[in-house]
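# A look at the structure
Given next are the chains, with one letter for each unit.
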Amino acid sequence: MTLISDAMSGMGAVLLPVAAGLLLEELTFGGLVRLLLAPRPVAGKRRERKTNRGER
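No experiment lies behind these values; they were computed from the predicted model shown. (Residues numbered from 1 in each chain as written. Predicted model: local features only at pLDDT ≥ 70, side-chain atom pairs only at ≥ 80, totals over all residues. Heavy atoms only, no water.)

## Thoughts on helix H1 (residues 2-37)
Along its 36 residues, H1 runs 51 Å from first to last C-alpha, staying within 8% of the 52 Å computed at 1.5 Å per residue. Remark: the principal bend of H1, roughly 25°, maps to Glu-26. Little of H1 sits out of view: just one of its 36 residues are buried. (Helix = DSSP H or I, 4+ residues; strand = E, 2+ residues; numbered from the N terminus. Expected span 1.5 Å × (residues − 1). Bend = angle between axes of the 7 residues up to and from the residue. Buried < 20%, exposed > 50% of the residue type's maximum accessible area, 1.4 Å probe, protein only.)

Below you can see the structure in the form of structure tokens.
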């Protein structure tokens, strides 16, 4: 029984940094890639039609 407890403790000590690293990587690089691939708004200004007849 103590062998199983020791094995679970060792596996937890190994898997916790791996899980924390994967979470950090997903939050930083995943968000960065999503930001870079997101469609960007058009930089040009909208042109309004100017009529000499006044507003309609």
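More follows now that the structure is in view.
## As for a nonpolar patch on the surface
Side chains of Phe-29, Leu-32, Val-33, Leu-35, Leu-36 and Leu-37 sit close together on the surface and give an oily, nonpolar patch of about 650 Å² of accessible area. Note on placement: Leu-32 falls in helix H1. (Patch = residues over 30% accessible without salt bridge, like charges linked within 9 Å, V, L, I, M, F, W, Y side chains within 5 Å. Areas by Shrake-Rupley, 256 points an atom, 1.4 Å probe, with all protein chains shown as cover. Salt bridge = Lys/Arg side-chain N within 4 Å of Asp/Glu carboxyl O.)

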